[in-house]
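Residue strings, one per chain:
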Amino acid sequence: MAIDILGIEPGEEAWHVDLRVFEGVYRKERYTVRIVDVPRAPDGWSLDRQKEVVGEHVSYEVTQHMRRGSLPPTGMQIDGEELWNVRD
């Protein structure tokens, strides 16, 4: 699989993740994913841990979206309500 995370930026309203996607027919040097409705991270989670989880979540969601059909051409927005529900 060729989805590389170029950068992850937390924000007040949304997190932004820039990706490089080279998978199947997709050839995108920079593809932006915006995560909205992100709740507060669990107590004790460092910013690095949060970014790790965000990266895993976005990679999974983008992969699933490609398997279902296609990526929106200029980027996508995903819901972050369940973002921190990960197995530790």
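See the structure shown above.
Here the residue numbers are simple positions, counted from 1 along each chain's written sequence. The predicted origin of the model limits local features to residues at a pLDDT of at least 70 and limits the giving and counting of side-chain atom pairs to 80 or more, whereas totals for whole chains, interfaces and linings rest on all residues. Side-chain calculation: all heavy atoms of the structure are included, whereas hydrogens and water are not.

A. The arrangement of the pairing of strand E4 (residues 76–79) in detail. Side chains of E4 alternate between two faces, with Met76 and Ile78 buried and Gln77 and Asp79 left unburied. Here 4 bridges tie strand E3 (residues 26–36) to E4, and the two strands are oriented parallel to one another. Within E4, the residue paired with valine 36 across the bridge is aspartate 79. Exposure categories follow from relative accessible area, calculated using a 1.4 Å probe and restricted to protein chains: below 20% of the type maximum is buried, above 50% is exposed, and the middle band is partly exposed. Strands are runs of DSSP state E lasting at least two residues, helices are runs of H or I lasting at least four, and both sets are numbered from the N terminus onward. At least two DSSP bridges between two strands are needed for those strands to be called paired.

B. Inspection of the pairing of E3 at higher detail. Two strands pair when backbone bridges link them, and strand E2 (residues 14–23) and E3 are joined in this way by 9 bridges, in the antiparallel orientation. Residue phenylalanine 22 lies in a different strand from E3, and its bridge partner there is arginine 27.

C. Spotlight on the pattern of salt bridges. A carboxyl oxygen of Asp or Glu within 4 Å of a side-chain nitrogen of Lys or Arg is what we treat as a salt bridge. On inspection of all chains with the given rule, the structure shows 5 salt bridges. Between arginine 20 and aspartate 4 there is a salt bridge, with the nearest N and O atoms lying 3.5 Å from each other. Here arginine 20, found in strand E2, pairs with aspartate 4, found in strand E1 (residues 3–9); they are 16 residues apart in sequence, far enough to count as distant. For arginine 20, a relative accessible area of 28% gives the class partly exposed.

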